[in-house]
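A closer look at the structure
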Amino acid sequence: MIEGCVRQDASCQKQLFLLYSRKMMTVCLRYARNRADAEDILQDGFVRLFQNIKQYKGKGSFEGWIRRIFVNASLKKYQAKKWNMEQSGLDYHQNEAVDATVISSLSEKEIIEQIRQLPEGYRVVFNMYVIEGYSHKEISETLGINEATSRTQLLKARKHLQNKITTMTMPHES
Amino acid sequence: MNLDGADRDIRSRIYSYESDVPSHMWDSIDQRLRPGRKKWFFWILIPVGLLGSIFLGLNYQQEDLPETPNQTILPALSTSEKTFSNQEIESDHEVAGQILAGSQLSKNPISQSDKSAAKEITRPKTKKILSVFSEAQLQTLPGSGQEARLGNLHTGDSLNSLAVIAEPKWQEDHSDLLPQRRASNSREAKELTYLESRTLFALRDEDPNIDICPSFSSTLQIKPFVEIALWGGLPFKNLSLRDAELKPYRDLRNSTEKTRSSIAFQVLGGLDIGDEIEVKTGLGITRIFEVFDYVDQTATRTITHIVTDTIFVNGQPQVRTDTNIVTEYGQRVKLSQNSFTLFNVPILAAYKFEVGHHRFFVQGGITWNFALRSRGDILAADEQIISIDTRDRVSNPIYKSQVGIDLIGGLGYEYNLKEKNVLRIMASFTHMLSDMTIEGYPLGQRYDHIQLGLSWKHQF
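Residues numbered from 1 in each chain as written. Chains lettered and ligands numbered in written order. Predicted model: local features only at pLDDT ≥ 70, side-chain atom pairs only at ≥ 80, totals over all residues. Heavy atoms only, no water.

Glancing now at the overall build of chain A. Across its full length, chain A holds nine helices and one strand. Along chain A, helices and strands appear, N-terminal first, in the series α-α-α-α-β-α-α-α-α-α. With 174 residues in all, chain A has 48% of them scored as buried. Residue pairs at least 24 apart in sequence account for 71% of intrachain contacts in chain A once pairs closer than 6 positions are excluded. (Helix = DSSP H or I, 4+ residues; strand = E, 2+ residues; numbered from the N terminus. Buried < 20%, exposed > 50% of the residue type's maximum accessible area, 1.4 Å probe, protein only. Contact = heavy atoms within 4.5 Å.)

Turning our eyes to something else, we now look at the environment of Arg67 of chain A. Position of Arg67 of chain A among the secondary structure elements: in helix α4 (residues 62–80). Note on Arg67 of chain A: relative accessible area 3%, which makes it buried. Between the C-alpha atom of Arg67 of chain A and that of Gly45 of chain A, which follows or precedes it by 22 residues, the distance is 9.3 Å. Those residues in contact with Arg67 of chain A that lie beyond four places of it in its chain are Met24, Val27, Arg30 and Glu132 of chain A together with Tyr15 of chain B.

A few words on the interface of chain B and chain A. The interface of chain B with chain A comprises 39 residues on the first partner and 59 residues on the second. Across the chain B-chain A interface, the total number found is four salt bridges. The salt bridge involving Arg22 of chain A is made with Asp20 of chain B; its shortest N-O contact spans 3.5 Å. Linking chain B to chain A there are eleven residue pairs in polar contact (both at pLDDT 80 or more). Listed by contribution, the elements that provide at least two residues to the side of chain B that touches chain A are α1 (5–14), α2 (25–33), β6 (277–313) and β7 (316–355) of chain B. By residue number, the principal contributor to the side of chain B that touches chain A is α1 of chain B, which donates eight residues. Within the side of chain B that touches chain A, the residues separate by chemical class into 17 nonpolar, eleven polar and eleven charged. (Salt bridge = Lys/Arg side-chain N within 4 Å of Asp/Glu carboxyl O. Polar contact = N/O pair within 3.5 Å; in protein donor to acceptor, adjacent residues only side chain to side chain. Nonpolar A, V, L, I, M, F, W, Y, C, P; charged D, E, K, R; others polar.)

So, on to the packing of helix α7 (residues 120–131) of chain A against α1 of chain B. Two numbers describe how α7 of chain A lies on α1 of chain B: the axes approach to 9 Å, and their chain directions differ by 85 degrees. One finds that α7 of chain A runs roughly perpendicular with respect to α1 of chain B. Between α7 of chain A, through Phe126, Val130 and Ile131 of chain A, and α1 of chain B, the contact on the second element is made entirely by Asp7, Ile10, Arg11 and Ile14 of chain B. The residue makeup of the contact of α7 of chain A with α1 of chain B, split by class, is five nonpolar, no polar and two charged. (Axes fitted to C-alpha atoms, helices over the stretch in contact; angles between N-to-C directions. Parallel < 35°, antiparallel > 145°, perpendicular 65-115°, else oblique.)

Attention now moves to unusual backbone geometry. Peptide bonds are trans in most cases, and residues, glycine excluded, mostly fall at negative phi. All names here are of chain A. The residue Gln8 is not glycine, and still its phi comes out positive at about 65 degrees. Secondary-structure assignment places Gln8 in the loop between α1 (2–6) and α2 (10–31). Owing to a relative accessible area of 38%, Gln8 belongs among the partly exposed residues under this scheme.

Another point: the nonpolar core. Residues Phe46, Phe70 and Phe126 of chain A together with Ile10 and Ile29 of chain B are the most contacted members of the largest nonpolar core, which totals 56 residues. Mapped onto the domain boundaries, this core takes at least three residues apiece from domain 1 (2–80) and domain 2 (91–173) of chain A. Within the second largest apolar cluster, 16 residues are counted, among which are Leu342, Ile398, Met436 and Tyr441 of chain B. (Core = buried A, V, L, I, M, F, W, Y, C linked by side-chain atoms within 4.5 Å. Domains from an automatic or database assignment.)

Attention now goes to the pairing of strand β13 (residues 443–459) of chain B. All names here are of chain B. Relative to β13, strand β4 (residues 222–241) runs antiparallel, the two sharing 17 bridges. Its bridge partner lying in β13, Leu239 is registered against Gln445. As paired strands, strand β12 (residues 421–432) and β13 are joined by eleven bridges and run antiparallel to one another. Bridging from a neighbouring strand, Phe429 pairs with Ile450 of β13. (Pairing = 2+ DSSP bridges.)

Bringing the confidence of the model for chain A into the picture now. Residues and elements named next belong to chain A. The share of residues in chain A with pLDDT of 70 or more is 82%, and the mean pLDDT across the chain is 78. In the model of chain A, strand β1 (residues 89–94) stands out as the element of lowest mean pLDDT, 41, in contrast to α2, which has the highest, 88. Note that pLDDT drops below 50 for residues 81–95; the model gives that stretch 36 contacts with residues more than four away or on any other chain. (pLDDT = per-residue confidence, 0-100.)

The sheet contact formed by β4 of chain B and strand β5 (residues 257–273) of chain B spans twelve bridges and is antiparallel. Along β5 of chain B, the bridge assignment pairs Lys223 of chain B with Asp272 of chain B.

Time to look at the environment of Arg446 of chain B. All names here are of chain B. Topologically, Arg446 is positioned in strand β13. We classify Arg446 as partly exposed; its relative accessible area is 21%. Put simply, Arg446 and Asn238 are 208 residues apart on the chain and 5.3 Å apart in space, counted from C-alpha to C-alpha. Not counting chain neighbours up to four residues away, the residues in contact with Arg446 comprise Phe236, Lys237, Asn238, Met432, Leu433, Ser434 and Asp435. Within the local environment of Arg446, its side chain forms a polar contact with the backbone oxygen of Leu433, the two atoms lying 3.4 Å apart.

Scanning the entire structure with this criterion turns up 16 aromatic pairs over all chains. Ring plane angle 65 degrees and centroid distance 5.0 Å describe the contact between Phe17 of chain A and Phe46 of chain A, whose orientation is recorded as edge-to-face. With a gap of 29 residues between them, Phe17 of chain A in helix α2 and Phe46 of chain A in helix α3 (residues 35–52) connect regions that are remote in the sequence. Like Phe46 of chain A, Phe17 of chain A is buried. An aromatic cluster is defined as three or more aromatic residues linked by ring pairs; in this entry it consists of Phe17, Phe46, Phe50 and Phe70 of chain A together with Trp26 of chain B. The ring of Tyr15 of chain B carries Arg67 of chain A above its face, with NZ or CZ at 3.6 Å from the centroid. The cationic tip of Lys457 of chain B hangs over the ring face of Phe225 of chain B; the distance from NZ or CZ to the ring centre is 4.3 Å. (Phe/Tyr/Trp six-rings, centres within 6.5 Å; stacked < 30°, edge-to-face > 60°. Lys NZ or Arg CZ within 6 Å of the ring centre and 35° of its normal.)

Our next topic: α7 of chain A. Residues and elements named next belong to chain A. Here α7 spans 16 Å end to end across twelve residues, near enough to the 16 Å set by a 1.5 Å rise per residue. Within α7, twelve of the twelve residues are buried, which leaves it mostly tucked inside the rest of the structure. Immediately downstream of α7, the backbone of Gly133 shows phi near 85 degrees, a positive value. (Expected span 1.5 Å × (residues − 1).)

Here the structure, examined in full by the defined rule, presents 31 salt bridges over all chains. Two residues, Arg30 of chain A and Glu132 of chain A, come together in a salt bridge whose shortest N-O distance is 2.9 Å. Taken together, the residues Arg30 of chain A in helix α2 and Glu132 of chain A in the loop between α7 and α8 (136–143) connect sequence positions 102 residues apart. Taken as a pair, Arg30 of chain A and Glu132 of chain A share a single burial class, namely buried. For the salt bridge of Arg253 of chain B with Glu257 of chain B, the shortest nitrogen-to-oxygen distance reads 2.3 Å. Glu257 of chain B carries the same exposure label as Arg253 of chain B, and that label is buried.

Structure follows, in structure tokens:
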């Protein structure tokens, strides 16, 4: 199938699309502000994937390689809108994490929705660090920010997520 | 990377989670991977099919010409002093007499068909298209007893008729090459000076029904040609309101987008039908240039500074973040070169006419337009600058890919170059019949053009 895609065979490309599009849609949804943006990123990602598939040399997981393309496509969209990042004031944060027991009460769709509702900068760093497994160094290099900022954004993202999930689950507990 | 329990839980649950994908997504991707394959194919097929049909039709017609195995066709003779130097053209009958003289070279008696053919070609209407043989030329023809050869005719070939097919062309006036007494006041002589080339058909006895003068029978003469044209133009932009409340937005667009110029290139193929009509089609590209010039006097920008530090409180690390926002006010200037590139499929017809010795033509027709690419910036209705670059606006296009039809009309002058090449200078007006913008967009956008063009036409 990969060889067929290298030859730009339409049927192989469609097979690959059907195989990975749903997973990659999740990636796009996590980074995008809304579903329309996610669909744009998905489309851009697949176009970029098929145009560059000959660069895949068979080293490492193919899904991992594809995922990186979609993360990069998402980041490109994010970077175009990075002026949206705004925060002000003096904040104190403890190195706190989201309560694991609360997470289990949410569906995957709800978790994704909560991640998507994070402010732009938080969302990107949270996704890159927690889901994709980038280090703060890699994040700082990719986004052009310093490592300390990346750590701060992650902490804020966790805090934000904690508050939102707690608020969301409270009515169920009562 | 240190993931705590919650992070790990989130990761494990959504890393491989599958979300719904819109059903049209593959079609959109396929369209981008193979741009225009579907939409262009059909439209390119139209002129190609049209040209193909024309050439097939032409070939079919050429098969009607006398091309039997027994026929010998001599190469065309060019108009020259030699051709006319010894001629004495006094009347139609003399022309016919000369033709019959050609026939008399045959060893066979003249058939009835030869006589009728001779009558046919002596009609006043066709007189100017005939040529006559000079005494010297007749001496070189086969059957004259000499060893001289002319073209593929050989001594001893059995001939019963000869005719000369000439193609009237408004060439240079060669009357100075004729004897002075003829050139001064002979209408016939002047007419002959406009003959460009002629083909000599030599027919044998067994082809009595062949029209010895096919080019000037009731069927029009059809000749293919190619034409390459380059246009420069002045476009006039027309932004139309689709919502009356958006008049200020239209005014803002008009004040920020200045139309500059346009260029176009066309490769056309077509047919000359007789001397006066031509039809042609082909492919072309038009590019319209604009400048987007926007000055926002009340622009603001925000710069965020984040300073982070880790401190220890009772041995526990705490991260302290200090975030400052600086807002700046000022003037924002945005200057972009905008362009719209259109792919054209023109279908045109022209009528040629003469004024004195000058040859003019009027032409008109339609052009199908397709948007190939747009570049630059415009203002959105909320006064935000947005890109109109085709590559940036796949999911939310402003411009249609299939723009629609233009009406074209124009006037031109043609100047004969060497052989069958013609140089043309043209002026035309083009009017777009439909908007370039999609239906849901608040403003309609179209252009009219005044264009000046130069083209080279080659006939086959």
